[in-house]
Amino acid sequence: MRIIPAIDIIDGKCVRLSKGDYDTKIIYNENPLEVAKSFEAHGIEYLHLVDLDGAKSSKIVNYKILEQIASQTGLKIDFGGGLKSDDDLRIAFESGANQITGGSIAVKNRAIFEKWISEYGSDKIILGADAKDEKIAVSGWLEDSNEDLIPFIQDYQTKGIQYVICTDIAKDGMLEGPSFDLYGKILEEANGVKLIASGGISTFDELPKLAELGCEGTIIGKAIYEGRITLKQLENYILNK
């Protein structure tokens, strides 16, 4: 299972939110590049970079930080937050993203998201399936939709999607443990999906459980910044798997 630390950006700074609420913002570091370099120094190869300003303004904002991290580290970056147009996508890939994550766009403008899958290939486009009570939430989780989570994923599998990041919003940033039952259900019903678990990771012991379930990767945010999971533990996990 791939270990994918998260860096969320607001005003160029590394922050974390709870349940996607911008009012709960905590700044952990003024320098995202410094954070990314510390991940790489501990053997981590992947990074989940989220442009929270972009998510709010519905267009890419923090691409300079993406460019900085991509050019000064060897991390493979998946980038998301506010990608709404062909131009946003072009900027993200030109700035060094290895993959992009589309969430709201996959609900609100299926035609463009399906076009991206066919143009760039399913190894480059990740479906962001953020859920609240098994319903998809959009626009930086500020809006609910009527889309049921699992049929939504299954439908996009027929369009070629392989990678899915699923965040249970109720768990995100709460350090109360991930949604094991939900992930088990997705893996059972959306056959063959490369599921990346996100939200609620709070202790190192949860990682082998997610791997055992069959998750392809896991995104870890606040647990690292709050010192619940150390980079040394992650380094040892990566070395020993």
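Relevant structure appears above.
Bear in mind that the values here come from a model prediction, so they are computed numbers and not experimental data.

Student: So what's going on with the pattern of salt bridges? Residues and values would help.
Tutor: For the coordinates displayed, the defined rule picks out 15 salt bridges. Here lysine 115 makes a salt bridge to aspartate 86, at a shortest N to O gap of 2.8 Å. With lysine 115 in helix 6 (residues 110–120) and aspartate 86 in helix 4 (residues 86–94), the pair connects residues that are 29 residues apart, well separated along the chain. A salt bridge links glutamate 94 to arginine 90; the nearest nitrogen and oxygen atoms lie 2.9 Å apart. Here the residue glutamate 94 and the residue arginine 90 both occupy positions in helix 4, the gap between them amounting to four residues, near one helical turn. Using a relative accessible area of 59% as the deciding quantity, one classes glutamate 94 as exposed. Linked through salt bridges whose partners overlap, the residues forming this network are Arg110, Glu147, Asp155 and Lys159.

Student: Can you explain the packing of helix 6 against helix 7 (residues 149–158)? Please cite residues and give values.
Tutor: For the pair helix 6 and helix 7, the least separation of the axes is 11 Å and the interaxial angle reads 50°. Here helix 7 runs oblique to helix 6, going by the angle between their axes. Between helix 6 and helix 7, the residues in contact are Arg110, Phe113, Glu114 and Ile117 and Phe152, Asp155 and Tyr156, respectively. Of the residues contributing to the contact of helix 6 with helix 7, the split by class is four nonpolar, no polar and three charged.

Student: Give a description of the nonpolar core that names residues and reports values.
Tutor: Formed by 69 residues in total, the largest nonpolar core has its most connected members in Ile7, Ile69, Phe113, Leu149 and Ile186. In terms of residues, this core owes the most to one element, helix 7, which gives five residues. What leucine 149 contacts, discounting residues up to four positions off in sequence, is Ala129, Ala131, Glu134, Lys135, Ile136, Cys166, Leu182 and Ile186.

Student: Break down the packing of aromatic side chains for me, with residues and values.
Tutor: This model, assessed by the stated rule, comprises six aromatic pairs. Geometrically, the ring pair formed by tyrosine 28 and tyrosine 225 is stacked, given 5.2 Å between the ring centres and 25° between the ring planes. Here tyrosine 28 is found in strand 3 (residues 21–29), whereas its partner tyrosine 225 is found in helix 10 (residues 222–225), with 197 residues between them in sequence. Tyrosine 225 gets classed as buried once you look at its relative accessible area, which sits at 17%. We note arginine 2 situated over the ring of tyrosine 46; from NZ or CZ to the ring centre the distance is 4.6 Å.

Student: Talk me through the pairing of strand 1 (residues 2–10); I want residue IDs and the actual numbers.
Tutor: For strand 1, a buried count of nine out of nine residues is recorded, marking the element as mostly surrounded by other parts of the structure. Where burial is concerned, the two faces of strand 1 agree: the one with Arg2, Ile4, Ala6, Asp8 and Ile10 and the one with Ile3, Pro5, Ile7 and Ile9 are both buried. The pairing of strand 1 with strand 12 (residues 217–220) spans four bridges and is parallel. Across the sheet, the residue bridging to proline 5 is isoleucine 220, located in strand 12. Judged from the four bridges that link them, strand 1 and strand 4 (residues 46–51) form a sheet pairing that is parallel. Pairing of aspartate 8 across the sheet is with valine 50, part of strand 4. Sheet analysis places strand 1 next to strand 2 (residues 13–18), joined by three bridges and oriented antiparallel. Of the residues in strand 2, the one forming a bridge with isoleucine 10 is lysine 13. Count of turn residues in the strand 1/strand 2 antiparallel hairpin: two residues, of which aspartate 11 carries a positive phi of about 50°.

Scoring rules and cut-offs
- Residues numbered from 1 in each chain as written.
- Predicted model: local features only at pLDDT ≥ 70, side-chain atom pairs only at ≥ 80, totals over all residues.
- Heavy atoms only, no water.
- Salt bridge = Lys/Arg side-chain N within 4 Å of Asp/Glu carboxyl O.
- Helix = DSSP H or I, 4+ residues; strand = E, 2+ residues; numbered from the N terminus.
- Buried < 20%, exposed > 50% of the residue type's maximum accessible area, 1.4 Å probe, protein only.
- Axes fitted to C-alpha atoms, helices over the stretch in contact; angles between N-to-C directions.
- Parallel < 35°, antiparallel > 145°, perpendicular 65-115°, else oblique.
- Contact = heavy atoms within 4.5 Å.
- Nonpolar A, V, L, I, M, F, W, Y, C, P; charged D, E, K, R; others polar.
- Core = buried A, V, L, I, M, F, W, Y, C linked by side-chain atoms within 4.5 Å.
- Phe/Tyr/Trp six-rings, centres within 6.5 Å; stacked < 30°, edge-to-face > 60°.
- Lys NZ or Arg CZ within 6 Å of the ring centre and 35° of its normal.
- Pairing = 2+ DSSP bridges.

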